[in-house]
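Residue-level structure breakdown
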Amino acid sequence: MSENQKKTIFSGVQPSGKLTLGNYLGAIRNFPLLQEDYNCIYCVVDMHAITVRQEPAALRRATLEVLAQYIACGLDPDKSVLFIQSHVPAHAELAWVLNCFTMFGEASRMTQFKDKSAKHADNINVGLFTYPVLMAADILLYQTDLVPVGVDQSQHIEICRDIANRFNGRFPDTFTMPEGYYPKAGEGAKITSLADPASKMSKSDPNPNGYILLMDKPEDIMRKFKRAVTDSDTRIAMDPQNKPGVSNLIQIYALATGKTVAAVEDEFAGKGYGAFKPAAGEAVVELLRPIREKTEDLLRNKDYLEQVYQQGAQKASYLARRTLDKVYRKVGFVGR
Ligand code: TRP
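An account of the accompanying structure is given in this report. Computed from a prediction, not measured in an experiment: that's the story for all the values here. (Residues numbered from 1 in each chain as written. Predicted model: local features only at pLDDT ≥ 70, side-chain atom pairs only at ≥ 80, totals over all residues. Heavy atoms only, no water.)

**What to know about the overall build of the protein**
How we decide: Counting from the N terminus, the helices are DSSP H or I runs at least four residues long and the strands are E runs at least two residues long. Burial status follows relative accessibility: with a 1.4 Å probe on protein chains alone, a residue under 20% of its type maximum counts as buried, one over 50% as exposed, and anything between as partly exposed. By the convention used here, residues are in contact when the closest approach between their heavy atoms is within 4.5 Å. Here the Shrake-Rupley method, with its probe set to 1.4 Å, supplies the accessible areas, and only the displayed protein chains count as covering residues. When charges are counted, Lys and Arg are positive and Asp and Glu negative, with His and the chain ends excluded. A charge is said to be at NZ when it belongs to Lys, at CZ for Arg, at CG for Asp and at CD for Glu.
Check the secondary structure of the protein and you find 14 helices and five strands. With the principal axes as the frame, the protein shows a C-alpha extent of 75 × 40 × 40 Å. Taking all 336 residues of the protein together, the buried fraction comes to 49%. Considering only contacts in the protein between residues 6 or more positions apart, those separated by 24 or more positions represent 76%. For the protein, the computed accessible surface area is about 16,300 Å², with 52% contributed by carbon and sulfur atoms. Of the side chains in the protein, 41 bear a positive and 39 a negative charge, and the two mean positions are spaced by 3 Å.

**Remarks on the pairing of strand S1 (residues 7-13)**
Stated precisely, the cut-off is as follows: Pairs of strands are assigned from DSSP output, requiring at least two bridges between the strands.
Summarising burial for S1: five of the seven residues are buried, a large majority. Judged from the seven bridges that link them, S1 and strand S2 (residues 38-44) form a sheet pairing that is parallel. Bridge pairing in S2 links Lys7 to Tyr38.

**Remarks on the site of the ligand**
Counted only if it meets this: Here a residue is considered near a molecule or strand provided that any single heavy atom belonging to it is located within 4 Å of it. In the analysis that follows, any N or O atom pair within 3.5 Å is treated as a polar contact, provided that within protein one partner can donate a hydrogen and the other can accept it, and provided that, for residues neighboring in sequence, both atoms belong to side chains. Note on residue classes: Ala, Val, Leu, Ile, Met, Phe, Trp, Tyr, Cys and Pro are nonpolar, Asp, Glu, Lys and Arg are charged, and everything else, Gly too, is polar.
The environment of the ligand is formed by 13 residues, the closest being Gly12, Tyr131, Met135, Asp138 and Gln153. The contact in question runs from a nitrogen atom of the ligand to an N or O atom on the side chain of Asp138, over 2.7 Å. Gln153 has a polar side-chain atom sitting 2.9 Å from a nitrogen atom of the ligand. Within the complex, 89% of the 370 Å² of free accessible area of the ligand lies under protein. Split into classes, the residues belonging to the shell around the ligand amount to seven nonpolar, five polar and one charged.

**Remarks on helix H14 (residues 302-331)**
To be explicit about the condition: Expected span of a helix, by definition, is 1.5 Å for each gap between consecutive residues, and there is one gap fewer than residues.
Between the first and last C-alpha of H14 there are 41 Å, a value that for 30 residues agrees with the 44 Å anticipated at 1.5 Å per step. Of all the positions in H14, only Leu305, Val308, Tyr309, Gly312, Ala313, Ala316, Ala320, Thr323, Leu324 and Val327 are classed as buried. Taken together, the buried residues of H14 touch helix H4 (56-72), strand S3 (81-84), helix H5 (90-99), helix H8 (126-141), helix H9 (154-170) and helix H13 (273-300). Directly beyond the C-terminal end of H14, a positive phi value near 105° is found at Gly332.

**Some remarks on the environment of Ala313**
If you trace the backbone, Ala313 turns up in helix H14. In sequence terms Ala313 and Leu82 are 231 residues apart; their C-alpha atoms lie 7.6 Å from each other. Those residues in contact with Ala313, other than ones at most four positions away along the chain, are Phe83, His87 and Val88.

**Some points on the side chain of Thr192**
As for its placement among the helices and strands, Thr192 is situated in the loop between strand S5 (179-181) and helix H10 (218-226). A distance of 3.4 Å separates a polar atom in the side chain of Thr192 from the backbone oxygen of Pro197. Thr192 has contacts with Pro197, Ser199, Lys200, Met201 and Asn248, leaving out every residue within four places of it along the chain.

**Points about helix H11 (residues 244-257)**
With 14 residues, H11 ought to run about 20 Å at 1.5 Å a step, and its terminal C-alpha atoms sit 20 Å apart, in line with that. Along H11, twelve of the 14 residues are buried, which leaves the element largely enclosed by surrounding structure. Inspection of H11 places Gly245, Val246, Ser247, Asn248, Leu249, Ile250, Gln251, Ile252, Tyr253, Ala254, Leu255 and Ala256 among the buried residues, and these make up the whole buried set. At the C-terminal side of H11, Gly258 shows a positive phi close to 80°.

Take a look at the structure:
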């Protein structure tokens, strides 16, 4: 397939610096495979990040950390476009135009806006309100076909499509209509908290024993697995309804080792949690070790990272400009 016959994948990642095992097994693990068949563009969305207050030095560090972790997880800067949102001004520029094609009412209905306004009641800024419009600009600038995101982002994908439709209705053939690309069940989409199997593994869990970070040290990973909440009977068997805790661990162990669920059940038949939990911990330690080491290496090599994000911004700017020029012409701006 030639470059321009391939479909385009775009995804934005928040520079929180804290990617979890859940993010990895649910999505990032598949990214290196996708880059063979699609034009892949990954953007660290530092402009979205400042819709809530950030410590400047921490934001800068987290932005580079996410970039390093993506590369360590197997994204190849020569195959995929990896860049930082604020380096490509077309995102802010298209967002302005799209603001004028977004209705106040539809933006007010976004549940993430309502949630974040409740959580940051002292800072309900306009950026938080137009967050989905900037996200739509991210996506539409690259004539994106597919947007891999968690289901929590589906409303933002819908509003992006509504905005694109409205714009295309007035100015035909401007934007490709994007679709959300949600992880399928069985692809490790849903890894739950080790401390509370009823909720998703998340870095915002108040109990740090609930999540494993890609950068966690081996001893922390082992401790969290040994403490993982399981069930009253001691069988190692997949039964998400009645044994959600152990089922989550089985899925993690299977994904980390590449074994099937049935093989895992066989391996631990009659053995109990005392043997299984440390084995699951070990498997995750070994899965994450090369990623952590590579990330640490990259973060020590700032020159290389700089080269990656500069090259990424250059490629992204070229693609983004083409769309932005088209949009500016269509809405009636005088060409420079
Ligand atoms: N809102 C997304 C999140 O919180 C991040 C994001 C910003 C994004 N722009 C995007 C995701 C474009 C996909 C495409 O996860």
